[in-house]
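Per-entry structural report
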Amino acid sequence: MEVGQYIKIVPLLTKGLIKVFREDEEGNELFLYYVYPGQACAISFVCSARERISQVRVETMDECEFIMVPIDRMDPWMKGYKGWYYFVLETFQMRFEELLKTLDSIAFHNMDERLLEYLRKGVAATGDNVIHTTHQDIAYELNSSREVISRLLKKLEQRGLIKLGRNQILVKNLG
């Protein structure tokens, strides 16, 4: 899913991992949250139900499988199935809380704290202590510069918390 795209179906993730980003007019990105199997992107509910364009970009992290729910089923399912109704409400609540955490992180935490949280989330999301990414990609996702991210990663490596490699970061112990 790209910014500006109309959503014609609601994808429910059954396998894989998805990252959701907000992108501004200049192409700067801000990582918002992960979508795990058994979950959906709340924004896809809103965009499909109201025939609005997407304000986020979605990127698959590995091979994904989905159940595709046609938008013409949304209203009848919301009225007819309490389980679906509660799933949609819980999805909104969970995503809203994650967005508040992201906002708190930007407003109240230093970049080094945001980077540590980013690495913790990456390990938790993939279940792997090796994060396959570049310093530039992290900078995009945290809305920072590559130089700042590289400097902070080097400090974390000097403290023995991570080990830097080519296009990967081995997370040792972030506490």
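Details of the structure are given in the entry above.
Predicted, not measured: the structure shown is a model, and the values here were computed from it.

**Section: the packing of aromatic side chains**
The final tally for this structure, using the stated rule, is 11 aromatic pairs. When the ring of Phe 45 is compared with that of Trp 84, the centres are 5.9 Å apart and the planes differ by 85°; the resulting orientation is edge-to-face. Note that Phe 45 is positioned in helix α1 (residues 42-49) and Trp 84 in helix α3 (residues 82-108), a separation of 39 residues in sequence. No difference in accessibility class separates Phe 45 from Trp 84, as the two residues are buried. Ring centres 5.6 Å apart and planes at 35° place the aromatic pair Trp 84 and Phe 87 in the tilted group. Note that Trp 84 and Phe 87 are positioned in helix α3 at a spacing of three residues, about one turn of the helix. Linked through ring pairs, Phe 45, Trp 77, Tyr 81, Trp 84, Phe 87 and Phe 92 together constitute an aromatic cluster. One Lys or Arg, Arg 57, reaches over the ring of Phe 21 and ends 4.7 Å from the middle of that ring.

What counts and how
- Residues numbered from 1 in each chain as written.
- Predicted model: local features only at pLDDT ≥ 70, side-chain atom pairs only at ≥ 80, totals over all residues.
- Heavy atoms only, no water.
- Phe/Tyr/Trp six-rings, centres within 6.5 Å; stacked < 30°, edge-to-face > 60°.
- Helix = DSSP H or I, 4+ residues; strand = E, 2+ residues; numbered from the N terminus.
- Buried < 20%, exposed > 50% of the residue type's maximum accessible area, 1.4 Å probe, protein only.
- Lys NZ or Arg CZ within 6 Å of the ring centre and 35° of its normal.

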